[in-house]
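# Structure at a glance
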Amino acid sequence: MKMKSLPFIRISMLLTAISAITFPSESYAAQCPTPHSFNFPNSDDSLSRAVRNSANSERMLQWADSLIRSKRKVTIKDSLRYKKHMQRLANADKKLSLANRLLTAHYFNKDIDTSYIKRPSEAWTIKFRGNYSFALTGMRGENNGNSFSGLWASRFRATISTGVVYRGIGISVAINPAKLVGLNKDMEYQLTSYGNRMGFDVIYEAAKTDKGNITYDGRKYKMPKGTLNRQGLASNFYYAFNGRRFSFPAAFTQSYIQHKSTGSWLIGASAQWRYTKISPQDGQPFNKATLKSLNFAIGGGYGHNFCIGRRWMLHLSSLPTLVVYDHSNISGDATTTKAQLHFPNFFIANRGALLYSWKRNFAGASGTLDFSNIGNSRQLEFYNLKWRVRLFYGFRL
């Protein structure tokens, strides 16, 4: 056998070794049994036993290599090279097994009440998702005795994505079909982290395809695509007091399983930065203008997970926050109008999810609805609405 084939062999061994990790040890399965609604089949075939034995004996890569080479003739010269190759595999097996033990121990070593929430015993989770979002922005106020208002909306955005998660660590890829065919050049990036005790989400948007209208001194003017340039960065943070029994991840990432209804009081904070540039068309009576807004808010709310029967779970939560800092204004060619804090200026983050589980599979929908109101209508007032909906299906291995 020629050694040129070794890179391919290493890749094949790695893939087989990854498959071997999917069979958790009995000790961890005992620590975190699955709820009675999940009936996982026993796999006692010879291949499954061989994979588990190779994993427990720290010989996953060597076992995979033996399968590949079992029907190949090896010369004396290749045999000497093979011994060195097997020694390298043995060293790699030890490192791989150590990393897997540490990761698995960290995965299950959580301060939770297992009579309410539990970790899935399976190592891998595969998910497919459809993501949809929409944004609405508005303003109103007065300038030099002239009243003005505006309302514009983003394009409806849709993406499809798939993700792979191993013991809480994962990677996903998303595709926007409209962007692929050149119909939408807007950008939206999301960073989310849902934990039992605390979590956050951050959204950045850059849009040049918003459309709407502006009313100036009693007359309404259309603002077509290209006349509004909007950017925004918004973030929400939460802390759950009952994180040992109540799980946000059970609803939104499925990295936990909630099998008994409970809720939790929440505290949180919200922050956002908004920038919109308005470029009127020829003949419109108002000049170019720039809207800027920077705010910070703190508050509290409540969330609840309802376990319905053996397979359904419903999540509802609301986290309103009051604005404690604001720096917002609209500036034209020669004038600047500032917004003044007015009680109750607020942000509110609403979340919901519906989950159905059977055997190793789960499917459902989750969504968020964020709304903010800043300033007052006698001077300058901004309001923003953003909703996101996700449809998903997944299974565990």
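Thresholds, definitions, all that
- Residues numbered from 1 in each chain as written.
- Predicted model: local features only at pLDDT ≥ 70, side-chain atom pairs only at ≥ 80, totals over all residues.
- Heavy atoms only, no water.
- Helix = DSSP H or I, 4+ residues; strand = E, 2+ residues; numbered from the N terminus.
- Buried < 20%, exposed > 50% of the residue type's maximum accessible area, 1.4 Å probe, protein only.
- Contact = heavy atoms within 4.5 Å.
- Areas by Shrake-Rupley, 256 points an atom, 1.4 Å probe, with all protein chains shown as cover.
- Polar contact = N/O pair within 3.5 Å; in protein donor to acceptor, adjacent residues only side chain to side chain.
- Pairing = 2+ DSSP bridges.
- Salt bridge = Lys/Arg side-chain N within 4 Å of Asp/Glu carboxyl O.
- Phe/Tyr/Trp six-rings, centres within 6.5 Å; stacked < 30°, edge-to-face > 60°.

## What about the overall build of the protein chain?
- When you go through the protein chain residue by residue, the secondary structure sums to seven helices and 18 strands.
- Across the 397 residues in the protein chain, those meeting the buried criterion constitute 44%.
- The contacts in the protein chain between residues at least 6 apart in sequence include a share of 71% that link residues at least 24 apart.
- Surface exposure of the protein chain reaches about 21100 Å², of which carbon and sulfur atoms provide 59%.

## Quick notes on the environment of T227
- Mapped onto the elements, T227 comes out in the loop between β9 (219–223) and β10 (228–240).
- On the basis of relative accessible area, T227 is assigned to the buried category, the value being 8%.
- In this structure, the C-alpha to C-alpha distance between T227 and Q281, residues 54 residues apart in sequence, is 7.5 Å.
- Side-chain polar atoms of T227 contact the backbone oxygen of P224, separated by 2.7 Å.

## Observations concerning the pairing of strand β18 (residues 380–396)
- Pairing between strand β2 (residues 124–143) and β18: 17 bridges, direction antiparallel. Looking at the pairing, S133 lines up with R388 of β18.
- Relative to β18, strand β17 (residues 361–376) is paired through 16 bridges, and the arrangement is antiparallel. When the bridges of β18 are listed, T368 appears paired with R388.

## Concerning the pattern of salt bridges
- According to the stated counting rule, one finds 13 salt bridges in the structure shown.
- For D111, the salt bridge is made with R244, and the minimal N-O distance between the two is 3.1 Å. Taken as a pair, D111 in the loop between α5 (76–108) and β1 (117–118) and R244 in the loop between β10 and α7 (249–252) lie far apart in primary sequence, 133 residues in all.
- Residue classification places D111 among the exposed residues on the basis of a relative accessible area of 57%.
- In this structure, the salt-bridge partner of E188 is R157, at a minimum N-O distance of 3.2 Å. Of this pair, E188 sits in strand β6 (residues 187–194) while R157 sits in strand β4 (residues 157–166); the two residues are 31 residues apart in sequence, bridging distant segments of the chain.
- Here the salt bridges do not stand alone but share partners, grouping R157, D186, E188, E205, D210, R230, R274 and K386 into one network.

## Considerations on the packing of aromatic side chains
- Evaluation of the coordinates by the stated rule reveals 21 aromatic pairs.
- Measuring from ring centre to ring centre gives 6.1 Å for F156 and W387, while their planes differ by 50 degrees; the resulting arrangement is tilted. Here F156 is found in the loop between β3 (146–153) and β4, whereas its partner W387 is found in strand β18, with 231 residues between them in sequence.
- W387 sits in the partly exposed class, given a relative accessible area of 26%.
- For the pair W273 and Y275, a centre-to-centre distance of 6.5 Å together with 15 degrees between the ring planes defines the contact as stacked.
- An aromatic cluster is defined as three or more aromatic residues linked by ring pairs; in this entry it consists of Y194, Y238, F246, F248 and F252.

## Some points on the environment of C307
- Relative to the elements of secondary structure, C307 occurs in strand β13 (residues 289–308).
- The spacing of C307 and L355 is 48 residues in sequence and 9.5 Å in space, taken between C-alpha atoms.
- When residues no more than four places from it in sequence are discounted, the contact partners of C307 are Q258, H259, K260, S261, W312 and M313.

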